[in-house]
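Residues per chain are reported as follows:
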Amino acid sequence: DAKTTQPPSMDCAEGRAANLPCNHSTISGNEYVYWYRQIHSQGPQYIIHGLKNNETNEMASLIITEDRKSSTLILPHATLRDTAVYYCIVVRDTGKLIFGQGTTLQVKP
Amino acid sequence: EAGVTQFPSHSVIEKGQTVTLRCDPISGHDNLYWYRRVMGKEIKFLLHFVKESKQDESGMPNNRFLAERTGGTYSTLKVQPAELEDSGVYFCASSQDWLAGGRLEFFGPGTRLTVL
């Protein structure tokens, strides 16, 4: 499974959009991009995933570049409860989730 | 609908003792996964069940760890004998089969294991 690179930490003002980048330059054609987050010590929580098209759900939007070598997770209106570690993971259908260090997002009042 | 549940939430044991962790997946989910996070490290995959069969156990650290899923419902992860380095949080996740649009894994709250 392809490796991903994320910044270790980011800050965001409450109510503003949080844009979390992820590089996955070695992604294969059959690998999906997944985003999970872990709030404090809870179990990881699924956020969104995509293959090549941009995706949006009630939690976030996922923007994948045309060459699929990078993506951005967008939380449109960050709240304090969005403070968490965000993981970008690329995985194929039979693959296992490989968690890296992720990005620690701190939402500030 | 109930999510993935894990029992116990916390366990404190002494080195050399045995501990059994339990995971109840979401009803209807054939896929069940075990992960763990040891102190200061990343979340690591341990193994994957499809129904009662072990699909991938490449992440199991050694033969002190035994996972079972009899009947394809709940799963147990036994550590015998426990060592200090086994301390950490053990997560269980479940998912339906891979669909055309991907596979979503739903995680439980974890079991925090402390080996003294």
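Treat the numbers as computed from the prediction; the structure is a model and nothing was measured.

Asks: Can you walk me through the overall build of chain A in this structure?
Replies: When helices and strands are counted, chain A shows zero helices and nine strands. Secondary structure elements in chain A, listed N-terminal to C-terminal, are β-β-β-β-β-β-β-β-β. A compact globule built from 109 residues should have a C-alpha radius of gyration of about 13 Å, and chain A, at 13 Å, falls within 12% of that. If one aligns the C-alpha atoms of chain A with their principal axes, the spans along those axes are about 40 × 30 × 25 Å. Burial analysis of chain A (109 residues in total) assigns 45% to the buried set. Within chain A, counting contacts between residues at least 6 apart in sequence, those at least 24 apart form 56% of the total.

Asks: Teacher, can you tell me more about the interface of chain B and chain A here?
Replies: Size of an interface: often given as the accessible area lost when the parts come together. Taken together, the 19 residues of chain B in the interface contact 21 residues of chain A. Between chain B and chain A, roughly 1700 Å² of surface is buried when both sides are summed, and carbon and sulfur atoms account for 52% of that area. Run the count over chain B and chain A and you get one salt bridge. In this structure, the salt-bridge partner of Lys96 of chain A is Asp56 of chain B, at a minimum N-O distance of 3.5 Å. In this assembly, chain B and chain A are joined by five residue pairs in polar contact (both at pLDDT 80 or more). Considering only residue class, the side of chain B that touches chain A consists of nine nonpolar, four polar and six charged.

Asks: Whenever I open this one, the pairing of strand 8 (residues 84–91) of chain A confuses me. Can you help?
Replies: Every regular strand shows the same layout, with side chains that alternate between the two sheet faces. All names here are of chain A. Most of strand 8 sits out of view: eight of its eight residues are buried. Taking every second residue as pointing to the same face, both faces of strand 8 are buried, with Ala84, Tyr86, Cys88 and Val90 on one and Val85, Tyr87, Ile89 and Val91 on the other. Taken together, the seven bridges between strand 3 (residues 32–38) and strand 8 define a ladder with antiparallel strand orientation. Its bridge partner lying in strand 8, Gln38 is registered against Val85.

Reading the values: the criteria
- Note that residues are indexed from 1 along each chain, following the sequence as it is written.
- Chains and ligands are labelled by the order in which they are written, letters from A for the one and numbers from 1 for the other.
- Selection of residues for local features in this predicted model requires a pLDDT of at least 70, selection of side-chain atom pairs for listing and counting requires 80 or more, and totals for whole chains, interfaces and linings are taken over all residues.
- Side-chain calculation: all heavy atoms of the structure are included, whereas hydrogens and water are not.
- Only DSSP runs of H or I with at least four residues qualify as helices, and only runs of E with at least two residues qualify as strands; both kinds are numbered from the N terminus onward.
- For the radius of gyration, the atom set is restricted to C-alpha positions; the globular benchmark scales as 2.2 Å times the number of residues to the power 0.38.
- Relative accessibility under 20% of the residue-type maximum defines a buried residue, over 50% an exposed one, and the middle range a partly exposed one, all with a 1.4 Å probe and only protein chains included.
- Throughout, a residue-residue contact means that at least one pair of heavy atoms, one from each residue, lies within 4.5 Å.
- Accessible area that two parts lose when put together, evaluated with a 1.4 Å probe and summed over both, is termed the buried area.
- The salt bridge criterion pairs a side-chain nitrogen of Lys or Arg with a carboxyl oxygen of Asp or Glu, the two atoms within 4 Å.
- Any pair of N or O atoms that falls within 3.5 Å is considered a polar contact. Within protein, one atom must be able to donate a hydrogen and the other to accept it, and sequence-neighbouring residues count only if both atoms are side-chain atoms.
- Each residue receives one of three labels: charged for Asp, Glu, Lys and Arg, nonpolar for Ala, Val, Leu, Ile, Met, Phe, Trp, Tyr, Cys and Pro, and polar for the others, Gly being one of them.
- Strands are labelled as partners when DSSP assigns at least two bridges between them.

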